[in-house]
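# Tertiary structure, described
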Amino acid sequence: MKGLYCRAGVNDAETKFVIQETTLPAALDSHQVRVQVKACGLSPLDLKLLSDLAIQKDLIPVGREVVGVILQVGSKVSFFQPDDEVVGVLPLDFPCSGLCDVIDIDEQHLVHKPEKLSWVCVAGTLRDGVCAYTALHTHARMAAGHTLLVMDGASSFGLMCIQLACYHGVKVLTTSHTPQQHTFLEQLRPSVGVQDPLVARVIPVYDSSSDLLSVVLEETGGLGVDIVIDSGVRLQEEEEPEERKLLPHKHDIISVLGVGGNWVTSHQDLQLDPPDSRLLYLKSASVSFLNSEVWTASSAQQGRYLHILKDIVEKMSTGILRPQPEEPVPLYEATVAMEMVQCCQRRKAVVQL
């Protein structure tokens, strides 16, 4: 059978994605299940993280968010039976690509998939759902009555954060990068219950007349927000590439935080100057780094992680979490799709097998 692998180069330009033949062992381990993969999500490979964790291979498996049907179970497997539909994220050091027709995986990495959810929908949403849960529950400790600012709310991750926060009674503010995104966010409504807008205020950062700090302070009565979740930040005021000009400056984010607020950032190279640290100190605010891979890099909180996965698919099945539909690509286009994802020409892709 065939799978998608990455042949890492010295730089991004030399990184190549190839379809490679692979085989499975004849026998299952006692705690493993054999899964026929139905769909697999493609997300950018963090080669630096793999290097930091000493996971170095000539061919790195690609595609880790998998959905499928169990074909066979090991002798000590207790949670699954053949023909169960399952979903999970493959570990960072998993030997096989998620695009293989069949994979062997420990049962502790999987949860049941509700029957009415489509394969493609789950595979395309799982990573963003885990990130949203990690940001809002694990880091920010959100609670009813909090105020949340989500940067770039029209992204798949931002949309998950908005819907999850509204479900828990949080007031949500967000930013939009285009007029189309602005209209989409203003029209967001829950699928059940009172049809009030999910977002209290959409701030158009593409419009230079809109000032993030003044709008947030106006919406919060001058108090600032309890939680900020970014999608990247600008560290300097100097010339930036065009795609980064819509990102907020780090000082703006700190300024919109209220007393005791929490800033959850995806920017792994964030640097704070002494004035920024001083402002955080005065507000008794904190900064948390969002690394979605932390759950699969360590098994220290495996039970909590499985609970998150289960809650994500259950909320999707009831319509609380409604991701934007993702058009699947066939296996023969997986190499091109992954190259586009790795080069940030598209945010993610889903391959249907």
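This text goes with the structure placed above it.
All values derive from a computational prediction rather than experimental measurement. (Residues numbered from 1 in each chain as written. Predicted model: local features only at pLDDT ≥ 70, side-chain atom pairs only at ≥ 80, totals over all residues. Heavy atoms only, no water.)

## A closer look at the pattern of salt bridges
Under the convention used in this document: Between Lys or Arg on one side and Asp or Glu on the other, a salt bridge is scored when a side-chain nitrogen of the former is within 4 Å of a carboxyl oxygen of the latter. Only DSSP runs of H or I covering at least 4 residues are called helices, and only runs of E covering at least 2 are called strands; the numbering of each starts at the N terminus. Three exposure classes are used, based on accessible area relative to the maximum for each residue type with a 1.4 Å probe and protein chains only: buried under 20%, partly exposed in between, and exposed over 50%.
Scanning the entire structure with this criterion turns up 15 salt bridges. The partner of Asp52 in a salt bridge is Lys48, and the shortest N-O contact between them spans 3.6 Å. Of this pair, Asp52 and Lys48 are both found in helix H1 (residues 47-52), 4 residues apart, which corresponds to roughly one turn of the helix. Lys48 matches Asp52 in its accessibility class, with the two residues each being exposed. Between Asp276 and Lys250 there is a salt bridge; the shortest N-O distance is 3.7 Å. Here the residue Asp276 occupies a position in helix H7 (residues 274-283), and Lys250 occupies one in helix H6 (residues 250-256), the gap between them amounting to 26 residues. Look at the salt bridges and you will find they share partners, linking Arg64, Glu65, Arg127 and Glu293 into a network.

## Some details on the nonpolar core
The condition that has to hold: Put simply, a nonpolar core is a bunch of buried Ala, Val, Leu, Ile, Met, Phe, Trp, Tyr and Cys residues held in one set by side-chain atoms that sit within 4.5 Å of each other. Two residues form a contact once any of their heavy atoms are found within 4.5 Å.
Counting 50 residues, the largest nonpolar core has Leu136, Leu148, Ile162 and Ile229 as its most contacted members. Going through the elements one at a time, strand S6 (85-89), helix H2 (119-139), strand S9 (147-150), helix H3 (156-167), strand S12 (225-229) and helix H9 (302-317) are the ones with two or more residues in this core. Here this core takes 10 residues from H2, the largest share from any one element. Other than its neighbours up to four places away in sequence, Ile229 contacts Ala135, Leu136, Leu148, Leu149, Val150, Met151, Phe157, Cys161 and Val264.

## Re the sheet that holds S9
Under the convention used in this document: Pairing between strands is defined by DSSP: at least two bridges between them are needed. Axes here mean lines fitted to C-alpha atoms, for a helix over just the part in contact, with angles spanning 0 to 180 degrees between N-to-C directions.
In space, the 6 strands of this open sheet follow the order S11-S10-S9-S12-S13-S14, with parallel pairing throughout. At either end of the open sheet lies a strand with only one pairing partner, and these are strand S11 (201-204) and strand S14 (286-289). Strand-to-strand twist in this sheet, taken as the mean axis angle between neighbours without regard to direction, amounts to 20°. Direction of pairing for S9 relative to strand S10 (residues 171-176): parallel, over a ladder of 4 bridges. Its bridge partner being in S10, Thr147 is matched across the sheet by Lys171. Packed on one face of the sheet, H2 meets S9, S12, strand S13 (257-265) and S14 and runs near 145° to S13. Each of S10 and S11 is contacted by helix H4 (residues 179-186), which is oriented at about 165° to S10, the strand it contacts most.

## Some details on helix H10 (residues 334-342)
Put simply, the rule reads: For this quantity, the arc is that covered by the directions from the helix axis to the C-beta atoms.
When we look at burial in H10, the residues that qualify are Ala334, Thr335, Ala337, Met338, Val341 and Gln342. One face of H10 carries all of its buried residues, which in axial projection span an arc of 160°. Cys344 sits one or two residues past H10 and shows a positive phi near 65°.

## Things to note about the sheet that holds strand S2 (residues 16-21)
In space, the 3 strands of this open sheet follow the order S2-S1-S4, with antiparallel pairing throughout. Because the sheet does not close on itself, it has two edges, and the strands there are S2 and strand S4 (60-61). When strand S1 (residues 2-7) meets S2, the two strands line up antiparallel, connected through 6 bridges. The residue of S2 that forms the bridge with Lys2 is Glu21. The strands touched by H10 within the sheet are S1 and S2, with S2 carrying the most contacts at an inclination of about 145°.

## Thoughts on the packing of H2 against H9
Rules: Throughout this description, any angle smaller than 35 degrees is read as roughly parallel, any larger than 145 degrees as roughly antiparallel, any in the 65 to 115 degree range as roughly perpendicular, and the remainder as oblique. Throughout, a crossing is termed right-handed when the near helix is turned clockwise from the far one, and left-handed when it is turned anticlockwise from it by less than a right angle.
Running from amino to carboxyl end, H2 crosses H9 at an angle of 120°, the nearest separation of the two axes being 9 Å. Viewed along their axes, H2 and H9 adopt a mutual orientation that is oblique. For the element pair H2 and H9, the recorded crossing hand is right-handed. Contact residues: Cys121, Val122, Thr125, Leu126, Gly129, Val130, Tyr133 and Thr138 in H2; Arg304, Ile308, Leu309, Asp311, Ile312, Val313, Lys315 and Met316 in H9.

Fair warning: the whole summary comes from geometry, so function is off the table for now.
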